[in-house]
Every structure is written in C-alpha cells, then in structure tokens.
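For reference, the chains in residue letters:
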Amino acid sequence: PLFVSPAADPAVISPQDPTLLIGSSLVATCTVSPEFHLRAQDLYWTLNGRRLPAASYSALGPSTLGVALARLNGSKQQSGDNLVCHSRDGGILAGSCLYVGLPPEKPVNITCWSKNMKDLTCTWAPGTEGETFLHTNYTLKYKLRWYGRDNTCQEYHTAGPYSCHIPKDLALFTPYEIWVEASNRLGVAVSDVVMLDILDVVTTDPPSDVHVSRVGDLEDQLSVRWSSPPALKDFLFQAKYQIQYRVEDSSEWKVGQRHPWVSRDARRCQRCHLLPPQVVDDVGNQTSCRLAGLRPGTVYFVQVRCNPFGIYGSKKAGIWSDWSNPTAASTPRSERAAGGCDPKGGEQNTTLRRELKQFFGWVKKHAYGCSNLGIKLYDQWRAWLQKSHKTRNQVGKEP
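Attention in this report is confined to the structure presented alongside it. Worth saying up front: this structure is predicted, and the values here are computed from it rather than measured. (Residues numbered from 1 in each chain as written. Predicted model: local features only at pLDDT ≥ 70, side-chain atom pairs only at ≥ 80, totals over all residues. Heavy atoms only, no water.)

## What to know about the overall build of the chain
Our working definition: Strands are runs of DSSP state E lasting at least 2 residues, helices are runs of H or I lasting at least 4, and numbering of each runs from the N terminus. Accessibility here uses a 1.4 Å probe with only protein chains present; expressed as a share of the type maximum, an area under 20% marks a residue as buried, one over 50% as exposed, and anything in between as partly exposed. Here a residue-residue contact requires only that any non-hydrogen atoms of the pair lie within 4.5 Å. Only the protein chains shown count as cover for residues, and all accessible areas are computed by the Shrake-Rupley method using a 1.4 Å probe.
A count of helical and extended segments in the chain gives three helices and 28 strands. Every one of the 399 residues in the chain was classed for burial, and the buried ones make up 45%. Within the chain, counting contacts between residues at least 6 apart in sequence, those at least 24 apart form 62% of the total. Here the chain displays about 21,400 Å² of accessible surface, and carbon together with sulfur accounts for 51% of that area.

## Digging into the nonpolar core
As a reminder of what qualifies: To form a nonpolar core, buried Ala, Val, Leu, Ile, Met, Phe, Trp, Tyr and Cys residues must be joined to one another through side-chain atoms within 4.5 Å.
Ranked by size, the top nonpolar core spans 24 residues in total, and within it Val224, Trp226 and Ile243 carry the most contacts. Listed by contribution, the elements that provide at least two residues to this core are strand S20 (208–214), strand S21 (222–227), strand S22 (238–247), strand S26 (288–292) and strand S27 (299–309). Counting residues in hydrophobic clusters, the runner-up holds 23 residues, among them Leu26, Val32, Leu43 and Val67.

## Section: the sheet that holds strand S5 (residues 50–51)
So the rule is basically this: A pair of strands is considered paired only if DSSP assigns at least 2 bridges between the two.
Reading across the sheet, the five strands line up as S2-S9-S8-S4-S5 and stay open at both edges, with mixed pairing between neighbours. Here the strands that pair on one side only, and so sit at the sheet edges, are strand S2 (19–21) and S5. Of the strand pairs in this sheet, strand S8 (residues 81–87) and strand S9 (residues 92–101) are connected by six bridges, and their pairing is antiparallel. Looking at the pairing, His86 lines up with Ile92 of S9.

## Thoughts on the pairing of strand S1 (residues 11–14)
By the alternation rule, side chains of S1 split into Ala11 and Ile13, which are all buried, and Val12 and Ser14, of which none is buried. In this structure, S1 lies alongside strand S3 (residues 26–32), joined through four bridges in antiparallel fashion. If you follow Ala11 over to S3, its bridge partner there is Val32.

## What about the sheet that holds strand S14 (residues 155–156)?
Strand order in the open sheet made by the five strands is S14-S15-S11-S10-S19, with mixed pairing throughout. This sheet does not close on itself; its edge strands, each paired only once, are S14 and strand S19 (202–203). Relative to strand S11 (residues 120–125), strand S10 (residues 108–115) runs antiparallel, the two being bridged by four bridges. Bridge pairing links Cys112 to Cys122 in S11.

## Side note on the state of the cysteines
Rules: Disulfides are defined as cysteine sulfur pairs within 2.5 Å.
Tallying each qualifying case throughout the model produces three disulfides. The residue that forms a disulfide with Cys112 is Cys122, at a sulfur-sulfur distance of 2.1 Å. As the torsion about the S-S bond is roughly 110°, the Cys112-Cys122 disulfide counts as right-handed. Taken as a pair, Cys112 in strand S10 and Cys122 in strand S11 lie far apart in primary sequence, 10 residues in all. In terms of burial, Cys112 and Cys122 fall into one category: buried.

## Things to note about the environment of Asp200
Mapping Asp200 onto the fold places it in the loop between strand S18 (194–196) and S19. According to the relative accessible area criterion, Asp200 is buried, its value standing at 18%.

## Observations concerning the side chain of Ser227
Applicable threshold: Pairs of N or O atoms within 3.5 Å make up the polar contacts considered here, provided that, within protein, one atom can donate a hydrogen while the other can accept it, and that residues adjacent in sequence are counted only when both atoms are side-chain atoms.
Structurally, Ser227 can be placed in strand S21. At 3.4 Å, the side chain of Ser227 and the side chain of Asp209 are in polar contact. With sequence-adjacent residues up to four places away left out, Ser227 is seen in contact with Pro207, Ser208 and Asp209.

## Focus on the side chain of Gln303
In this structure, Gln303 sits in strand S27. The class of Gln303 is buried, set by a relative accessible area of 10%. Here the side chain of Gln303 touches Gln244 through a polar contact of 2.8 Å, side chain to side chain. A polar side-chain atom of Gln303 sits 2.8 Å from the main-chain carbonyl oxygen of Ser324. If near-sequence neighbours (up to four positions away) are discounted, Gln303 is found in contact with Gln242, Ile243, Gln244, Trp253, Trp323, Ser324, Asn325 and Pro326.

## Some thoughts on the pattern of salt bridges
Any two side chains of opposite charge can pair, so long as their charged atoms come close to each other. Stated precisely, the cut-off is as follows: The salt bridge definition used is simple: a Lys or Arg side-chain nitrogen within 4 Å of an Asp or Glu carboxyl oxygen.
Considering all chains together, one arrives at five salt bridges under this definition. Between Arg88 and Asp42 there is a salt bridge; the shortest N-O distance is 2.7 Å. Here Arg88 is found in the loop between S8 and S9, whereas its partner Asp42 is found in the loop between S3 and strand S4 (43–47), with 46 residues between them in sequence. Its relative accessible area of 58% is what places Arg88 among the exposed residues. Since its relative accessible area comes to 10%, Asp42 is described here as buried. Put simply, Arg39, Asp42 and Arg88 are held in one network by salt bridges that share partners.

In structure tokens form, the structure reads like this:
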C-alpha cells in the first residue's frame, strides 16, 4: 500500500494490485471505513499522480466511489502504476498498483563462451517486445545431454543485463543442453534448447608479450612478435591470429593479412601486407609477423588477438579473444627526410615536420648534439613520451 494507517485502513481499493493485459478495461472501487465519515462525493482518484476526470467516476454506495479505466496502456514503471484514492483535502486513503503488460516472449539468440575452458558465460535476447512492460525474471538452466539433472545458473548480469556466468564444475567431452526461462505476472516462456560442447566455444586471454620492432633500416616495415595464450599452452590446439594497427594520429584500425612473402634479401619470411581495412584469418601457431607497406617515420600502435580451435580435436572454431593492449613502435625515416639535423630539410609532410620538431626539442634536453641521434634514441624518446602521458603539443613546447 501507498499509505500509513495508525490502526485501521481508512479505505479499501478493490481489486487490489491487479495484473492486466494491455488493452484491458478496469472498474476499481474505493470504500471508506464508516468511522471516517466520508461520502463518495468527498473522494477523488489519481493515476501516477495525475487526477482522473470526474466523468470516469460513479458512486456505488454512500461511501464507495468507483472509477472506470478503459483500454489500458502498458505500465509506465515495472513496479506498477499507482492508482490512489484521495479525500477531498488531498489526503491519501488507499492505494493499489496496476500491472499492465504482456506475457513474456520466448528468449532468443543464446550465445555462450568458455574462458580458457574453466567456466561458461551465456547471453540471450529477451524477444521482440523486450520486458513487455512488466518485470520479467530470466533463469538460465543447463544439464548434460544424456544424463544428469537440471542445474540453475546463479551469477546473473555478469556480461550485460541478459547474461549469466557458470564459474566451475563443468564437464568436457560431453555436450550440454542450455535454455532460458522467462517469467512475469502473466506467464512463462521457454527458449529453444541450445546444445554445445565446452571445447567448441573456447575463448582465451589475449596473446601476451606483444613486441613491435623495426626491421633493420626498412622504412616501410615493422616486425610483430607475441606469445601464445598462457592458459592454453598445455592443451593441444591450433590458433588463428589477427593483427590490427593504426598510425598514432588516427583512431581507425586496419587489419593485416599474413601470407608468404620473399623479402628483399631473398630470405623466406612471413609478412603481413598492408591492405584496405578487412578481416583475413591466419591459421596456424606461428607467433610472428611482419607489417609491410607502412609510412616511413611514423609511429604505429599494434594489437593482436587469438582464436583458439582444434582443442583436443574439436572441429569447430573458437571465439576471438579481446585485443591485446596496444604496443607502439616507429618506422625509420626515409633517406630523403634524414638528410641532416634540420627537421625542415627535404620535402616532408606536415605530420613528419611536427614530429621531428618535437623530437629535437626533447634531444636538446636529454642528449648532446646530433652525433648521438639514432634509432635507439628516437625509440627512447617515444617511450618517454608515452610514459609521461603528455600530449604531442605539450612535448613540442619543451625548451
């Protein structure tokens, strides 16, 4: 109730807290206790704080006032719409909650993944009507396909509003049946059953120890190396890796495709050729790659992710991990841009001139003349720049 009474309730609303389908009509009554000496004409109604028109009232007795509500819309709040009976002076005599909505719809799009084969997380969608204006409870259930009892997931909202996490006690090599039950005041709906094997939905931590470095004096290339996901090193599996990279001043990531390539010195290597933004899977357990076609004298940020598959002979692809933390490195400057200590020499674009101006400002403070300039010093500057968390313009103002 929406009121406090020291002894007896001043009035009673009937029906109390009804649940109705959208489009339904309702006649509610408010009957005042005799000791309060209130007549029907001394009463009025509000719905969610808004006074209802007197034309909808009807006196059904000396101390009973009815109100007719037609073609009800869905509740504006999941806790129910507040229908309140008032005395003439505005006092609250009694209250009722109206729950107006639809039965739950069948949950759809159940998707599950296992982090390093140690747990299981599932998400789903509530159906086209969403919450159907009423609070809806979702319960994820699962069991081994050929035997065992139904189990109920306990840790909800771990990966969003429609998700649940099963932290342990999962079996391998045996498929599970998984489904979701939705229930509200108007009914229950059950999703289709999804069958899956934990080994087929494995994802993992991002690749670790990602290193990006220059390839000698090749001005358009960077070498990328990383380690396999540590949690899966003891399991038989293959992996797909993807590499994405962007220049320092851009927010647009590009994805590299790895394919066999003969380098300039005729040695066989694996090289990621710069392509328009697209996704091309690389199958295999190789953990190095070379980015080519890059811009000279440019800082690149690189990330790697992994898709484990073939674990214990599973024939299905796994699920992509998150991207690793960005790792930065710079390509060498071209010979035309490296003609001297003057950053304005040669035909350089605006970005490179600004970068060199910042660099030489830093060199005046941390090095001794041009004789010590080199790749290592330039990379030290970049490391210092990232660690300081200063903007490019702030670094450019160094004396």
